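Okay, here's what each chain looks like letter by letter:
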Amino acid sequence: MCDIADEAAQLEEHNIRVALANIKKPEPRATECQFCGDDELMPGSNYCSPECCRKHELRQRRMM
Ligand SMILES: [Zn+2]
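Definitions and cut-offs
- Residues numbered from 1 in each chain as written.
- Predicted model: local features only at pLDDT ≥ 70, side-chain atom pairs only at ≥ 80, totals over all residues.
- Helix = DSSP H or I, 4+ residues; strand = E, 2+ residues; numbered from the N terminus.
- Buried ≥ 20, exposed ≤ 12 C-beta atoms within 10 Å, placed from the backbone.

**Student:** Where do I start with the overall build of the protein chain in this structure?
**Tutor:** If you tally the helices and strands in the protein chain, you get two helices and zero strands. Taken over the C-alpha atoms alone, the protein chain extends approximately 65 × 25 × 15 Å along its principal axes. The buried share of the protein chain, taken over its 64 residues, is 8%.

Structure, rendered in structure tokens:
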């Protein structure tokens, strides 16, 4: 009985590890504008301007 319980616990631990490994990691901070490729980004943004952010979102929405 004890062995089966141990095995179950180990399997559960394994499953949790696999699940954690599969969680998508946050994308690395971009070094250039995701829309036009300009390397001068707004602070804390992946875009050089609000305009590029908006256009990139629009473009992605059209792709879906
Ligand atoms: Zn840009």
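**Student:** What is the right way to read the environment of L58 from this model?
**Tutor:** Here L58 lies in helix α2 (residues 50-63). Distance from L58 to L41, taken between C-alpha atoms, is 19 Å for residues 17 residues apart in sequence.

**Student:** Is there a simple way to explain the environment of Q60 in this structure?
**Tutor:** On the secondary structure map, Q60 appears in helix α2. For the pair Q60 and A9, spaced 51 residues apart in sequence, the C-alpha to C-alpha distance is 43 Å.

Interpretation in functional terms is not warranted from these geometric data alone.
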